[in-house]
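# Structure at a glance
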Amino acid sequence: MIEILQWTTLIASGAAALSRIPNLVRRKNRSIFYALALLTLAILLSIKAPYLAVDALLGGTNLANLLLRFIIFGAIFFLGIRIATGFGDKRGVQLIRGHAGISALALISAVLVVLFVLMDTAGSTVGMTGLESRSGQNAALLEYYAAAGRAYPAYVCLAILPGTVRAVRSSLPALLRASAALLALGSIAVPLTLLFPVIPPALGFLRFVINYTAILCFVAGLALIWLDSGRAGRKHRLLSAERR
């Protein structure tokens, strides 16, 4: 079930990224393409076979996991700015791109690197599972490392959540309100990852469900925005033709 969810999410995200290439060529809304491309790469690296292959090239010390964390940071940065801008959420944009947002990104990134260096990370393993059994110190460092990796995406999602909720309750077209609802759901799911340490092992599958639900909500929400903009563009061209 988990593998099906992973590959389904990868295909959906990859297709969405490819659909944005024409706009990338025209230099229009490039941040959406960057976000979707990074998101697709992040999903790919979260799947066992691609992860092990990439990590082997990097020396087999789970550097691929550190790379994955920074790819996610980049994806969520571009996503957050584009979503906040799209819904006219100036405060959300400021919280991400302003002093507070850049400081949060720099601090969390530094903590992530330091924790990674302090850990015994030898031996490729997806999600760095099993490394906690090497020592009590390694287990504690791994827990802090995972928390740091979840902290920045949670910060960005909390920054854009008020704007998406307002959009859902607004008088925007139905497609845009549906998009805002999906993006709001994704923005709620990501901060829930901070609760992963309290999820019992028997319910460990919930971590995958929460992660990939968030990704699918973001991809589907952006796709609806794209559909609405395409429909608005067609309507504008028809009205222009009628006037002529």
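Residues numbered from 1 in each chain as written. Predicted model: local features only at pLDDT ≥ 70, side-chain atom pairs only at ≥ 80, totals over all residues. Heavy atoms only, no water.

## Brief notes about a nonpolar patch on the surface
Nonpolar side chains collect at one region of the surface, where Leu-57, Leu-58, Leu-63 and Leu-67 lie side by side and expose about 370 Å² of accessible area between them. Relative to the helices and strands, Leu-57 resides in helix 4 (residues 48-57). In this structure Leu-57 comes out as exposed when scored by relative accessible area, which is 76%. (Patch = residues over 30% accessible without salt bridge, like charges linked within 9 Å, V, L, I, M, F, W, Y side chains within 5 Å. Areas by Shrake-Rupley, 256 points an atom, 1.4 Å probe, with all protein chains shown as cover. Salt bridge = Lys/Arg side-chain N within 4 Å of Asp/Glu carboxyl O. Helix = DSSP H or I, 4+ residues; strand = E, 2+ residues; numbered from the N terminus. Buried < 20%, exposed > 50% of the residue type's maximum accessible area, 1.4 Å probe, protein only.)

## A word on the packing of aromatic side chains
Evaluated as defined, the whole model comprises seven aromatic pairs. Ring centres of Phe-70 and Phe-73 lie 5.8 Å apart, and the angle between their planes is 85°; on these two criteria the pair is classed as edge-to-face. Pair noted here: Phe-70 and Phe-73 are both in helix 5 (residues 63-86), with a separation of three residues, about one helical turn. On the basis of relative accessible area, Phe-73 is assigned to the buried category, the value being 3%. (Phe/Tyr/Trp six-rings, centres within 6.5 Å; stacked < 30°, edge-to-face > 60°.)

## Regarding the confidence of the model for the protein chain
This prediction gives the protein chain a mean pLDDT of 87; 93% of its residues lie at or above 70. Here helix 10 (residues 205-243) stands out as the element of the protein chain with the lowest mean pLDDT, 70, in contrast to helix 7 (residues 99-118), whose mean of 96 is the highest. Confidence over residues 232-244 falls short of pLDDT 50; this stretch has zero contacts with residues more than four positions distant or in other chains. (pLDDT = per-residue confidence, 0-100. Contact = heavy atoms within 4.5 Å.)

## A closer look at the nonpolar core
Counting 51 residues, the largest nonpolar core has Ile-96, Tyr-145, Tyr-152 and Phe-218 as its most contacted members. Put simply, the parts of the chain that give this core at least two residues each are helix 1 (2-19), helix 3 (30-45), helix 5, helix 6 (90-97), helix 7, helix 8 (136-168), helix 9 (174-192) and helix 10. Top contributing element to this core by residue count: helix 8, with ten residues. Not counting residues up to four positions away in its chain, the partners in contact with Tyr-152 are Phe-73, Ile-76, Phe-77, Ile-96, Gly-101, Ala-104, Leu-105 and Ile-108. (Core = buried A, V, L, I, M, F, W, Y, C linked by side-chain atoms within 4.5 Å.)

## Some remarks on helix 6
Listing the buried residues of helix 6 in full gives Gly-92, Val-93 and Ile-96. The buried side chains of helix 6 occupy one side of the element, clustering within an arc of 100° when seen end-on. With respect to the buried face of helix 6, the exposed residues turned more than 90 degrees away are Lys-90, Arg-91 and Gln-94. Where helix 6 is buried, its residues contact helix 5, helix 7 and helix 8. (Arc of directions from axis to C-beta.)

## What about helix 5?
The end-to-end C-alpha distance of helix 5, which contains 24 residues, comes to 35 Å, matching closely the 34 Å that a straight helix rising 1.5 Å per residue would cover. For helix 5, a buried count of 17 out of 24 residues is recorded, marking the element as mostly surrounded by other parts of the structure. Once helix 5 finishes, Gly-88 follows within two positions and takes phi at roughly 65°, a positive value. (Expected span 1.5 Å × (residues − 1).)

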